[in-house]
Amino acid sequence: MQKSKADAGSASPGALRVIKKYPNRRLYDTDTSSYITLAEVKTLVMDNEPFVVRDAKTNDDLTRSILLQIILEEETAGVPIFTEQVLANLIRFYGHAMQDFMGAYLEKNVQIFMDLQQKMTQQTPGINPDMWKQFMTVQSPMLNGMMGTYLEQSRDAFTQMQEQMQKNSEQMLAALGLKR
């Protein structure tokens, strides 16, 4: 998903938008030739606008750190998504043998949840976030059914992960001449 410097400034549809981060912590949008704020980067995320954040001097990819910064700001202002327990559990996976699997599991689950959200949005056009909030409270039985489907997909994703781990383990043991 990386583009050359020549492609970075182009405004063609689907092109990767390049944002440069300068040592003074300012963000420069090469698409609009102007400085932007973290809130504007969040808007790019919300609008599904493909972008990359690059260090202006080294050209290193800083996209993850900027996204984490946005999450940190969101978590400290308003109603957080992650409880302290969830954050502690996530931290425990760093450096653990299951770290890669946990990342893949979370990614699949978030995608399943995003697909569910998109499906609900498509089925109810014109409903704004406040109306959704009211709808979610009133339509509890329907949501329980949808959540049941989501949980089933989540369970299936976890089962697939377990099967893949078992298959990989068996292949590794076979390569070493060991049978299970």
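None of these values were measured; they are calculated from a predicted model.

Sheet strands associate in pairs through backbone hydrogen bonding, adopting either a parallel or an antiparallel arrangement. Here we have four strands laid out as an open sheet, ordered β3-β2-β1-β4, and mixed in their pairing. Edge strands, defined here as strands with exactly one partner in the open sheet, are β3 (34–36) and β4 (51–55). For this sheet, the mean inter-axis angle between neighbouring strands, taken without regard to orientation, is 35 degrees. Two strands pair when backbone bridges link them, and strand β1 (residues 17–21) and strand β2 (residues 27–29) are joined in this way by three bridges, in the antiparallel orientation. Within β2, the position partnered with Lys20 by the bridge is Tyr28.

Attention now goes to helix α2 (residues 38–46). Turning to α2, its buried residues are Leu38, Val41 and Leu44. Viewed along the axis of α2, the buried residues span an arc of 105 degrees, placing them on a single side of the element. Close packing links the buried residues of α2 with β1, β2, β3, β4 and α3 (63–76). Looking one or two residues beyond α2, the residue adopting positive phi is Asn48, at roughly 55 degrees.

Turning our attention to the packing of aromatic side chains. Summed over the entire model, instances satisfying the criterion amount to three aromatic pairs. With 5.2 Å between their ring centres and 70 degrees between their planes, Tyr28 and Tyr35 make a pair best called edge-to-face. The exposure class assigned to Tyr35 is partly exposed, which follows from its relative accessible area of 41%. Among the aromatic residues, ring-to-ring pairing joins Tyr22, Tyr28 and Tyr35 into one connected group.

With that out of the way, let us pick up the confidence of the model for the chain. Per-chain confidence: the chain averages 80 in pLDDT, with 76% of residues scoring 70 or above. Segment residues 1–11 is flagged for pLDDT under 50; beyond a separation of four residues in sequence, or across chains, it makes 14 contacts in the model.

Take Phe101: it is sitting in helix α5 (residues 99–123). Between the alpha carbons of Phe101 and Gln164 there is a distance of 9.9 Å; along the sequence they are 63 residues apart.

Scanning the model with the defined rule gives four salt bridges in all. Close ionic contact of Arg17 with Asp29 constitutes a salt bridge, the shortest N to O distance being 2.7 Å. Taken together, the positions of Arg17 in strand β1 and Asp29 in strand β2 put the pair 12 residues apart, joining distant regions of the chain. Across this residue pair, the class does not change: Arg17 and Asp29 are buried.

It is worth spelling out the packing of α2 against α3 at this point. Remark: α2 packs on α3, axes separated minimally by 10 Å, with the N-to-C direction vectors making an angle of 105 degrees. Here α2 is positioned roughly perpendicular relative to α3, judged by the angle of their axes. From α2, Leu38, Val41, Lys42 and Val45 reach across to α3, where they touch Ile66, Leu67, Gln69, Ile70, Glu73 and Glu74. Its residues placed into classes, the contact of α2 with α3 shows six nonpolar, one polar and three charged.

Reading the values: the criteria
Residues numbered from 1 in each chain as written. Predicted model: local features only at pLDDT ≥ 70, side-chain atom pairs only at ≥ 80, totals over all residues. Heavy atoms only, no water. Pairing = 2+ DSSP bridges. Helix = DSSP H or I, 4+ residues; strand = E, 2+ residues; numbered from the N terminus. Axes fitted to C-alpha atoms, helices over the stretch in contact; angles between N-to-C directions. Buried < 20%, exposed > 50% of the residue type's maximum accessible area, 1.4 Å probe, protein only. Arc of directions from axis to C-beta. Contact = heavy atoms within 4.5 Å. Phe/Tyr/Trp six-rings, centres within 6.5 Å; stacked < 30°, edge-to-face > 60°. pLDDT = per-residue confidence, 0-100. Salt bridge = Lys/Arg side-chain N within 4 Å of Asp/Glu carboxyl O. Parallel < 35°, antiparallel > 145°, perpendicular 65-115°, else oblique. Nonpolar A, V, L, I, M, F, W, Y, C, P; charged D, E, K, R; others polar.

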